[in-house]
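Chains, contacts and geometry: an overview
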Amino acid sequence: MRLDKPPYSAEMTALWQNLASSPAGLGSGEAARRLAADGFNELQEGRRRSPLAMLLAHFRDPMIVLLLVAAVISGVVGEGVDAIAILVIVILNAVIGFVQEYRAEKAMQALKSMAAPFAVVKRDGVVARIPGREVVRGDVVLLEAGMIVPADLRLFESSAVKIDESPLTGESVPVEKDAARLAAGDIAVGDRHNMAHKGTRITYGRGLGVVTATGMHTEMGSIARLLTETESMKTPLQLRLARVSRNLAAAAVAICLAVFLAGILRGEGLLLMFLTSVSLAVAAVPEALPAVVTIALALGARQMVRRQALIRRLPAVETLGSTTVVCTDKTGTLTENRMTVEQVRDQLFQPLAAPAIADLEAPHRSPHGRLFLAMALNNDVHPDEAGLPVGDPTEVATWEKARQAGLHKQVLEQTYPRVAEVPFSSERQAMTTVHRTPEGSFLVLVKGGFEALAAACRDLDPVAAEPHLQAMANGGLRILAFGSKLIDKLPEAISAETLEADLEFLGLSGALDPPRPEAAAAVATCLAAGIRPVMITGDHPLTAASIARRIGIIRDPEARVVSGRELADMAPAKLEEIVDRIRVYARVAPEQKLSIVSALQARGEAVAMTGDGVNDAPALKKAEIGIAMGITGTDVAKEASSMILLDDNFATIVGAVREGRRIYDNIRKFVKYTLTSNTGEIWTIFLAPFLGLPIPLLPIHILWINLVTDGAPGLAFTAEPAEQDIMERAPRPPAESLFAHGLWQHILWVGLLMGGVCLAVHKLSMAWGWHWRTMVFSTLCLSQLGHAFSIRSERRSLFRQGLLSNKPMLWTIVATVGLQLAVIYLPLFQKVFRTESLDTVELLVMFAASSLVFWAVEAEKLLARRGLLWYVR
């Protein structure tokens, strides 16, 4: 039988009847029947692919298929080394992708591991300890501090119960629970104060609850369902490379046919043209691209680990560079994850930094002294083995504030020993301790909510207090009120009724989890880079808005703060309409986080989502890049993420974005370099017959150029430092082509220039009786190396960058030039490559001609710096 209304709003009598249970619990026979009918109290996994299926899926990518074809062709034309190199690259790429995907499949296993291993229930009228997976609806569960809640429960008895719900809701401090019925309506999980949910932990008190939902019907089960139903998004880099792969595959086939037909019409031999066209098709495919991308991402991941960002999926490195919106948690990411008292106000609501020195000698004799004495003594904070305070975060904050004022609890307890207490209860919203004074009287110290103290204090005017309370609340502060009185002797009955009356109002404290010192600067850097930071938190809207204003997330007066309740009443279309103006979301449910990410993506945003709780996992998986917290994050969040912040620091994300942009720039430079080189080769061979020239290059020359110029120099681009303006640009639109901002124009005109220079050398060498084939071969090779030097920066001159700013590139080009000279002059290589030694004049002409591309690109950058090129950003 299912409940006909939410359990938090049901009368207990009706709930017992609906669940066919009672406070005495179920009988073992009935429990067994329900277990057979409903199944075990555990989360179910969606259909999982076998490891073999995951591995084979990585061989369906167009680029991978094209490379496999290239490997076969290379083997057919006798280039076994080239074929093996291609196959190694393909297999390495597939294995890396498989490992990343296999690790992602473990997210559900991590979620299941959060289940309680056992539960204490009432069965047959007696208390029994049973496996958590055997809990059924209607079971009465006993809760104590330290236990993991085994299922969703409605509390019907509660004694100062506090539950850490941060894995489920993101709430930064334990939530106080009680057994009171809540009003009907859709109430957010974080506000259901009479419910305890599966997977959360009891931190304080004890209670009894009846199971209202198990397994996939729990709130944790809802998240599990979202996690299995949510598909991971392809990263912008993956989408761009897929487009490049498809285009190159078509181009390679067209080039092969065109060159073959042109050569045959020119009268070249059939076998020569077949080998030439096939070799050119192989050269047209940048088989080093997957290797360069993988190595660039791997090196970037290594750099990020040094900056406290652990990459779980390599494409995430580049994805950060495409990010347009960062949806970030508040607690521990933007804030220090520790409560700090920011304001203390005295009896007249005036700010008070510390009691006067005279008050410290006998603090119980003055109102200011008693206020700080209450902050020091009225708590259950105690030091751990390292001397650090342990206790409720708000109590630790008041304890620390008193310590800073010179009142140390451990010292004060010698002078003011605690002789009685009335523990905190959610019904009273107050806690009382009684301490013996040096004179033998008794000091009663009370702290609690303002309403509770207002009713107990004889001198407190709630109307006069209202503007001060409102100002503190608007600042996002958690307010505690303090009162006290001196009595000559203890009452016979220690209770709230005998102690919490006729008090003197002492003042207020306002605590806050303060922003990290570096958070504001990190947010400012994001905004300068065109990235919009958005806060999504389980905390109260006022608290969230206060922090957002402090660190600069909220700057525009029109920026909106939206609560989970507002989101629940908002249609998806309406959310998409206003999502660009919302800067803070508070008290949100898991499915709402998913809706936020989806709405942003529908507006064309590339979303980075941070999170630490189970409730964040579906949104982490849905976002282009999910970022989990390494310190406070649950295993579920980590397994669903692409990146883990080892220091839980928002500033680390900003550093990672910079690294991601650098890596994308360098991948783009490699694409510019290799496709321009390939275009130059194609024009050289394709246009020669139309100019009445013989085919200038042999197949071995094409494959050699492809090997020495595409490989090592291409890899050296991965070491290129970041451009100076890298964090001053707007993010790349997720749908932007890899060839945007002048890349295709550059490839076209520089490729034509490269081919034109080679054909000019070809024509002149034949006319002057020089070794024309060796001249063309070497000019083409060295032109590509000069091009690599010149495109190290989009705009800066190489002479301002300096040759030593990328040493791997310098030494790679020096080594490649040496290899090319060896091919020209060493007899062994001359036989293999059919080259001839060049004399001094030929060598100088070859070097001069091959440098023309370098100088032309330097001129292009000069014009770009002066804003004279329309196609360069």
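Residues numbered from 1 in each chain as written. Predicted model: local features only at pLDDT ≥ 70, side-chain atom pairs only at ≥ 80, totals over all residues. Heavy atoms only, no water.

Some details on helix 20 (residues 519-528)
Those residues of helix 20 that fall on the buried side of the exposure criterion are Ala-519, Ala-522, Val-523 and Cys-526. Along the axis of helix 20, the buried positions cluster into a sector of 100°, meaning they face one direction only. Close packing links the buried residues of helix 20 with strand 18 (532-537), helix 21 (541-551) and helix 27 (650-687). Positive backbone phi, approximately 80°, marks Gly-530, located one or two places after helix 20. (Buried < 20%, exposed > 50% of the residue type's maximum accessible area, 1.4 Å probe, protein only. Helix = DSSP H or I, 4+ residues; strand = E, 2+ residues; numbered from the N terminus. Arc of directions from axis to C-beta. Contact = heavy atoms within 4.5 Å.)

Section: the packing of aromatic side chains
Evaluated as defined, the whole model comprises 10 aromatic pairs. Taking 6.1 Å as the distance between ring centres and 85° as the angle between the ring planes, the aromatic pair formed by Phe-799 and Phe-854 counts as edge-to-face. Of the two residues, Phe-799 sits in helix 32 (residues 798-801) while Phe-854 sits in helix 36 (residues 852-865), which places them 55 residues apart along the sequence. A relative accessible area of 57% places Phe-799 in the exposed class. An aromatic cluster is present here, built from Trp-704, Phe-777, Phe-829 and Phe-833 joined pairwise through their rings. (Phe/Tyr/Trp six-rings, centres within 6.5 Å; stacked < 30°, edge-to-face > 60°.)

Some thoughts on empty space enclosed by the protein
If you walk through the whole model with that rule in mind, you get four cavities of 30 Å³ or more. Around the largest cavity, the lining is made up of 15 residues, and of these Lys-672, His-746, Glu-794, Glu-860 and Val-872 lie nearest the centre. Among the elements that line the lining of the largest cavity, the one with the most residues is helix 36, at four residues. Of the residues belonging to the lining of the largest cavity, the class tally is six nonpolar, four polar and five charged. (1 Å grid on protein atoms, 1.4 Å probe; cavity = no way out; pocket = protein on both sides within 12 Å on 5 of 7 lines; lining within 4 Å. Points joined across faces, edges and corners; volume = space filled by probe spheres on them. Nonpolar A, V, L, I, M, F, W, Y, C, P; charged D, E, K, R; others polar.)

What about the sheet that holds strand 22 (residues 625-629)?
The strand order 8-23-22-21-9-18-20-19 describes an open sheet built from eight strands, whose pairing is mixed. Edge positions in the sheet fall to strand 8 (309-311) and strand 19 (560-563), since each of these pairs with one other strand and no more. Taken over all neighbouring pairs, the strand axes of this sheet differ in orientation by 20° on average, direction set aside. Relative to strand 18, strand 9 (residues 325-328) runs parallel, the two sharing four bridges. (Pairing = 2+ DSSP bridges. Axes fitted to C-alpha atoms, helices over the stretch in contact; angles between N-to-C directions.)

A short note on the environment of Thr-610
When you line up the elements, Thr-610 lands in strand 21 (residues 607-611). Overall, Thr-610 belongs to the buried group, its relative accessible area being 2%. Measuring from C-alpha to C-alpha, the distance between Thr-610 and Thr-333 comes to 8.7 Å, with 277 residues separating the pair along the chain. Those residues in contact with Thr-610 that lie beyond four places of it in its chain are Cys-327, Thr-328, Asp-329, Leu-620, Ile-627, Met-629 and Ile-653.

Notes on the packing of helix 14 (residues 367-377) against helix 15 (residues 393-404)
Closest axis-to-axis distance for the helix 14/helix 15 pair is 7 Å, and the angle between their directions is 130°. By the angle class used here, helix 14 and helix 15 are oblique. Two packed elements cross with a definite hand, and for helix 14 against helix 15 that hand is left-handed. Where helix 14 abuts helix 15, its residues Phe-372, Met-375 and Ala-376 lie against Thr-398, Trp-399, Lys-401 and Ala-402. When grouped by side-chain class, the residues that make up the contact of helix 14 with helix 15 number five nonpolar, one polar and one charged. (Parallel < 35°, antiparallel > 145°, perpendicular 65-115°, else oblique. Left-handed = near helix turned anticlockwise from the far one by under 90°.)

With respect to the pairing of strand 4 (residues 152-164)
When you tally the buried positions in strand 4, you get 10 out of 13 residues, the bulk of the element. Relative to strand 7 (residues 201-213), strand 4 runs antiparallel, the two sharing 10 bridges. Residue pairing in the sheet places Leu-153 in a bridge with Val-211 of strand 7. With two bridges connecting them, strand 4 and strand 5 (residues 175-176) associate as antiparallel partners. By the bridge assignment, Ile-163 is partnered in strand 5 with Val-175.

Notes on unusual backbone geometry
A positive phi angle is found at Gln-429, which is not glycine, with a value near 60°. Tracing the sequence through the fold places Gln-429 in the loop between strand 13 (418-425) and strand 14 (430-436). One non-glycine residue, Asp-648, lies in positive phi territory at about 55°. Inspection of the secondary structure assignment puts Asp-648 in the loop between strand 23 (643-645) and helix 27. The class for Asp-648 is buried, based on a relative accessible area of 3%.

Here we look at the side chain of Gln-820
Inspection of the secondary structure puts Gln-820 in helix 33 (residues 807-825). Of the residues examined, Gln-820 reaches a relative accessible area of 1% and is grouped as buried. Side-chain polar atoms of Gln-820 contact the side chain of Trp-704, separated by 3.0 Å. Reaching out from Gln-820, the side chain makes a polar contact with the side chain of Ser-778 at a distance of 3.2 Å. In contact with Gln-820, not counting residues within four places along its chain, are Trp-704, Phe-777, Ser-778 and Cys-781. (Polar contact = N/O pair within 3.5 Å; in protein donor to acceptor, adjacent residues only side chain to side chain.)

Just geometry here; none of it tells us what the structure is for.
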